[in-house]
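# Geometric and topological summary
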Amino acid sequence: MQNLQADTVYNLEQAASSSPVRRICCIGAGYVGGPTCTVIASKCPDITVTIVDINPVRIAAWNSPPNPKTGKLDDLPVYEPGLADIVQTCRGRNLFFSTEVDKAIHEADLIFVSVNTPTKTSGIGAGYAADMHYVESSTRRIAEVSTSSKIIVEKSTVPCRTAASMRQVLEANAKPGLQFDILSNPEFLAEGTAITDLENPDRVLIGSLPTPEGQLAARKLQDVYARWVERKRIYTTGLWSSELSKLAANAMLAQRISSINAMAAICEATGADVTEVAHACGLDKRIGPNFLRASIGFGGSCFQKDILNLVYLSESLGLPKVAAYWKQVIEMNEYSKERFARKVVSTMFNTITQKRVALLGFAFKKDTGDTRESPAATICKLFRQERAQITVYDPKVPHHQIYLDITEPGVIDDTEAAKKQVQIANSAVEACAGAEAVVIATEWDEFKTLDWEAIHASMKKPAFLFDGRNVVDAKTLRKIGFRVHTVGRGPEIVDPVWA
Ligand SMILES: NC(=O)C1=CN([C@@H]2O[C@H](COP(=O)(O)OP(=O)(O)OC[C@H]3O[C@@H](n4cnc5c(N)ncnc54)[C@H](O)[C@@H]3O)[C@@H](O)[C@H]2O)C=CC1
Ligand SMILES: O=C(O)[C@H]1O[C@H](OP(=O)(O)OP(=O)(O)OC[C@H]2O[C@@H](n3ccc(=O)[nH]c3=O)[C@H](O)[C@@H]2O)[C@H](O)[C@@H](O)[C@@H]1O
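Residues numbered from 1 in each chain as written. Chains lettered and ligands numbered in written order. Predicted model: local features only at pLDDT ≥ 70, side-chain atom pairs only at ≥ 80, totals over all residues. Heavy atoms only, no water.

### Description of empty space enclosed by the protein
This model, assessed by the stated rule, comprises 3 cavities of 30 Å³ or more. Roughly 60 Å³ of volume is contained in the largest cavity. Residue lining of the largest cavity: E268, S295, I296, S336, R339, F340, K343, T486 and V487, and that is the complete set. Counted as a void, the second largest cavity has a volume near 50 Å³. Lining the second largest cavity are R23, I24, C25, T48, T50, A104, E107 and A108. Those elements giving two or more residues to the lining of the second largest cavity turn out to be β1 (23–27), β2 (48–52) and α5 (101–107). Counting residues per element, the lining of the second largest cavity draws most heavily on β1, at 3 residues. Tallied by class, the residues present in the lining of the second largest cavity amount to 4 nonpolar, 2 polar and 2 charged. (1 Å grid on protein atoms, 1.4 Å probe; cavity = no way out; pocket = protein on both sides within 12 Å on 5 of 7 lines; lining within 4 Å. Points joined across faces, edges and corners; volume = space filled by probe spheres on them. Helix = DSSP H or I, 4+ residues; strand = E, 2+ residues; numbered from the N terminus. Nonpolar A, V, L, I, M, F, W, Y, C, P; charged D, E, K, R; others polar.)

### What to know about helix α2 (residues 33–43)
By the criterion of burial, α2 is predominantly enclosed, with 9 of the 11 residues buried. Those residues of α2 that sit buried are G33, G34, P35, T36, C37, T38, V39, I40 and A41. (Buried < 20%, exposed > 50% of the residue type's maximum accessible area, 1.4 Å probe, protein only.)

### Thoughts on the side chain of K155
With respect to the element layout, K155 can be found in the loop between β5 (150–154) and α7 (162–173). A polar contact is formed between the side chain of K155 and the side chain of Y225, at a distance of 3.2 Å. Residues in contact with K155, not counting those within four places in the same chain, are V32, T36, F112, V113, S114, N185, P186, E187 and Y225. (Polar contact = N/O pair within 3.5 Å; in protein donor to acceptor, adjacent residues only side chain to side chain. Contact = heavy atoms within 4.5 Å.)

From the geometry alone we can't say anything about function, so treat these as descriptive.
See the structure below:
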């Protein structure tokens, strides 16, 4: 907590409560802006929240009507458990989705900038640096259309010191006499658990300038969160610490996964069991039990992007050793995916050409339809190169998205080729029928309770099962007759004591 005297706190409290936030605009109706501002609307019925986006298709989906059969909002652009019910309660009351970006900016007294910050694909820093184009164009729009002072909140994950660039853009372009206070308020939600993470966050982080204006703005944003988050969990820092904390948190989380995956490789070679190793390490309070699940590798839109961003930042600051340290987390992740795919091929007698492989799960984790950087897509592409016949099943990912993710942009007729090589099934059972191997790439709960006996009966023999997420009970499946390979455990134990 920044050091404030008691009377300063009191004055801030008074000043903030005399002009509280009434109208919020969120620029960017994606995986973060949509759920975050929906939860704010549900917790603060007196605040009008308008989520805007330049993508009319996305906004139309946020405004889509309930399914006439179920009465539920089944067509929202983001799938998150619990989200549709909250949208249904708040939409049209104090929550609005719109393409009228300028109008919402103009009316708001607080604006979240929640646009995408992907890795640059060309130009300086390509492959590493964050593409700040969307943040800058949103900032320019705010400067252009604002006729009143506003609090601007960085919600997107951004490189350290982005607030200083935003400030310059605003000051150079806004109408004279207007004040813009910039805050950093990074989002820590994880997909699939976004609503519970937002409703009960470990912490809310708010970074501001140490000026009276900066602290007043921070207090106003604290007052919004304090409607449902205990004040002691709302942590205020300087702007640069807040911006960097987001990159640091993601880098450390990803580092844990790469660490356990590195251990998984050693386990497979020695006969140790990575689940036991993770449990034993996690019992140490200093290490803790969470986020130590060995897997085919991490996916998702942010871990890789944010570490690359950190690598770029470190390089730019003349810190090559620091850059190399973080880069290794990504290299280990690439190695984990490739190692898993290699194991599938080598186990199946060094060829999967023309063999039917069922790929269960395509999202980057369970309980989301998001496929960005999904390890399943990497595995599927590698299997395509091996000329396997693949059948994919995922309960949430739209079929067209799967084809988009497994084709190479710019390769002529690749979609046609992919459609011949990769089928999409409507159930796991359908995907596995006639297959020679089942590969589990996402830890969907339903895979734990499938009728594996029936699936085994429907497959070619020997029936292989490669569990990239360690979700199924390997012992039971071996009894059924599967040849099971998991991550971080040796192969089937022949001699139970010495193998
Ligand atoms: N996806 C996640 O779970 C998390 C993402 N983040 C960060 O939040 C930011 C947003 O991520 P997502 O929501 O996943 O991205 P997203 O790609 O789902 O959504 C971003 C939206 O911003 C819109 N947009 C871009 N420029 C715009 C403009 N000038 N005006 C209006 N709309 C504009 C895009 O059309 C898009 O719909 C990123 O910086 C990301 O790193 C942070 C925590 C979690
Ligand atoms: O900035 C972001 O975008 C978000 O990134 C992650 O959230 P998310 O990517 O949605 O999901 P995670 O639960 O972190 O999983 C990421 C990947 O790691 C994998 N994972 C996770 C945990 C684990 O023990 N092992 C493992 O392989 C998951 O399967 C998934 O592919 C962070 O957990 C969030 O705090 C952060 O806000």
